[in-house]
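# Analysis of the macromolecular model
Read off the chains here:
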Amino acid sequence: IFYGFIHYVQSLCYYGLGHINIELRAFWVAYGCVFVIAVLMALLLRFDIVPANPEKKYYLNRCEYLGPVAVLPAAIGMSLDFQVQFDPVAIALCWVMIFIAYILQLLYSLRMLEII
């Protein structure tokens, strides 16, 4: 149940980010909504993940917190992508933020697979 619920909460982050930015064009509202849901996700991860076997060696210790952090570069990248004026530097920085978000999300997913 935890695994499904935590992914549902993370999908709310990305949905809120996309919907608020595209529908309302209110970037600070999107940041606030995403930050509150990311804090909820981090608290769920903190309170629900308890190591059952302390002798077991984990390769990705504390990488479960990269899931809530992955939304922040995505929010910055979306803000850069929806800016009014065309700027090649901003587009390059937007792609850097996208790849950072993807890498953080990949490490988070691998950690989730490691602990179940």
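Everything in this summary refers to the structure shown in the same document. What you see is a predicted model; the values in this text were computed from it and never measured.

Secondary structure summary: the chain contains four helices and zero strands in total. When the helices and strands of the chain are placed in sequence order, the string is α-α-α-α. C-alpha extents for the chain along the principal axes are approximately 55 × 25 × 15 Å. Excluding contacts between residues fewer than 6 apart, the proportion of contacts in the chain whose partners are at least 24 apart in sequence is 78%. Carbon and sulfur atoms make up 72% of the accessible area of the chain, which totals about 7,600 Å².

Core analysis: the biggest nonpolar cluster contains 25 residues, and Ile6, Leu17, Met41, Leu45 and Tyr108 have the highest contact counts within it. Breaking this core down by element, the ones donating at least two residues are α1 (2–24), α2 (27–48), α3 (66–81) and α4 (88–115). The element that contributes the greatest number of residues to this core is α2, accounting for seven residues. Not counting residues within four places of it along the chain, the set of residues in contact with Ile6 comprises Met41, Leu44, Leu45 and Tyr108.

The rules behind the values
- Residues numbered from 1 in each chain as written.
- Predicted model: local features only at pLDDT ≥ 70, side-chain atom pairs only at ≥ 80, totals over all residues.
- Heavy atoms only, no water.
- Helix = DSSP H or I, 4+ residues; strand = E, 2+ residues; numbered from the N terminus.
- Contact = heavy atoms within 4.5 Å.
- Areas by Shrake-Rupley, 256 points an atom, 1.4 Å probe, with all protein chains shown as cover.
- Core = buried A, V, L, I, M, F, W, Y, C linked by side-chain atoms within 4.5 Å.
- Buried < 20%, exposed > 50% of the residue type's maximum accessible area, 1.4 Å probe, protein only.

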